[in-house]
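As a plain string of letters, each chain reads:
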Amino acid sequence: MENSSARPAGPLFDRTRHGVFATERGEVLARRVARALARLDPALREVSPR
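For every chain, the first residue of the written sequence is number 1, and numbering continues from 1 along that sequence. Totals for whole chains, interfaces and linings use every residue, but because this is a predicted model, local features are given only for residues with pLDDT of at least 70 and side-chain atom pairs only at 80 or more, for both listing and counting. The side-chain quantities take in all heavy atoms of the structure and omit both hydrogens and water.

**Looking at the overall build of the protein**
Counting from the N terminus, the helices are the DSSP runs of H or I reaching at least four residues and the strands are the DSSP runs of E reaching at least two. Within the protein, the regular secondary structure consists of one helix and two strands. Each helix and strand of the protein, placed in order from N terminus to C terminus, yields the pattern β-β-α. Note on exposure labels: buried denotes an accessible area under 20% of the residue type's maximum, exposed denotes more than 50%, and partly exposed covers the range between, all computed with a 1.4 Å probe on protein chains only. Put simply, the protein has 50 residues, and 4% of those count as buried. Reported accessibility uses the Shrake-Rupley method at a 1.4 Å probe radius. Residues are deemed covered only where the shown protein chains occlude them. Carbon and sulfur atoms form 55% of the exposed surface of the protein, whose accessible area is close to 5200 Å².

**Digging into the pairing of strand β1 (residues 13-16)**
Side-chain positions along a regular strand alternate between the two faces of the sheet. Here the rule is simple: two strands pair whenever DSSP picks up at least two bridges between them. Bridge count for β1 against strand β2 (residues 19-22) is four bridges, and the pairing is antiparallel. Residue pairing for β2: R15 is matched across the bridge by V20. If you look at the hairpin formed by β1 and β2, you'll find two residues sitting between the two strands.

**Side note on the layout of surface pockets**
The way it works is a 1 Å grid over only the protein atoms, where trapped points that fit a 1.4 Å probe form a cavity and open points with protein on both sides within 12 Å along at least five of seven lines form a pocket, and then any residue with an atom within 4 Å of a point lines it. Grid points are joined across faces, edges and corners, and a volume is the space filled by probe spheres set on the points. The computed volume of the largest pocket comes to approximately 240 Å³. As for the largest pocket, its lining consists of R7, L12, R25, V28, L29 and R32.

**Things to note about a positive patch on the surface**
Like-charged residues within 9 Å of one another, or nonpolar side chains (Val, Leu, Ile, Met, Phe, Trp, Tyr) within 5 Å, are grouped into patches, provided each residue has over 30% relative accessible area and no salt bridge. For salt bridges, the criterion is a side-chain nitrogen of Lys or Arg within 4 Å of an Asp or Glu carboxyl oxygen. Charged-residue counts in this description rest on Lys and Arg as positive and Asp and Glu as negative, His and the chain ends being excluded. Where a charge sits is defined by one atom per residue type, namely NZ (Lys), CZ (Arg), CG (Asp) or CD (Glu). Together, R7, R25, R31, R32 and R35 make up a region of like positive charge exposed at the surface. With a relative accessible area of 55%, R32 lands in the exposed category.

**Quick notes on helix α1 (residues 24-47)**
Take the number of residues in a helix, subtract one, and multiply by 1.5 Å to get its expected span. Here α1 contains 24 residues, and its C-alpha end-to-end distance of 35 Å stays within 8% of the 34 Å for a straight helix at 1.5 Å per residue. The sharpest bend along α1 comes to roughly 25°, located at D41, with the proline P42 sitting one to four residues further on. Note on bend: at a given residue it equals the angle between the axes fitted to the 7 residues ending there and to the 7 starting there.

**Focus: the environment of A30**
As for its position among the elements, A30 is in helix α1. Given a relative accessible area of 44%, A30 falls into the partly exposed group. Residues A30 and L12, 18 residues apart in the sequence, show an inter-C-alpha distance of 9.7 Å.

**Quick word on a nonpolar patch on the surface**
Residues L12, F13, V20, L29, V33, L37, L40 and L44 make up a contiguous nonpolar surface patch of roughly 710 Å² in combined accessible area. Ranked by residue count, the leading element in the nonpolar patch is α1, at five residues. Checked against the element boundaries, L29 lands in helix α1.

Written as structure tokens, this is what we have:
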């Protein structure tokens, strides 16, 4: 299945001698994952309360 709006892949992190840092693409992914989990967490609490 091909996504016509897909962008070329690129690195999510840059590695330097000072450590590993998220690239702009990595930051975008982190925000998207955070939004997805923020939507899932309340629904999962309803299904499986602790």
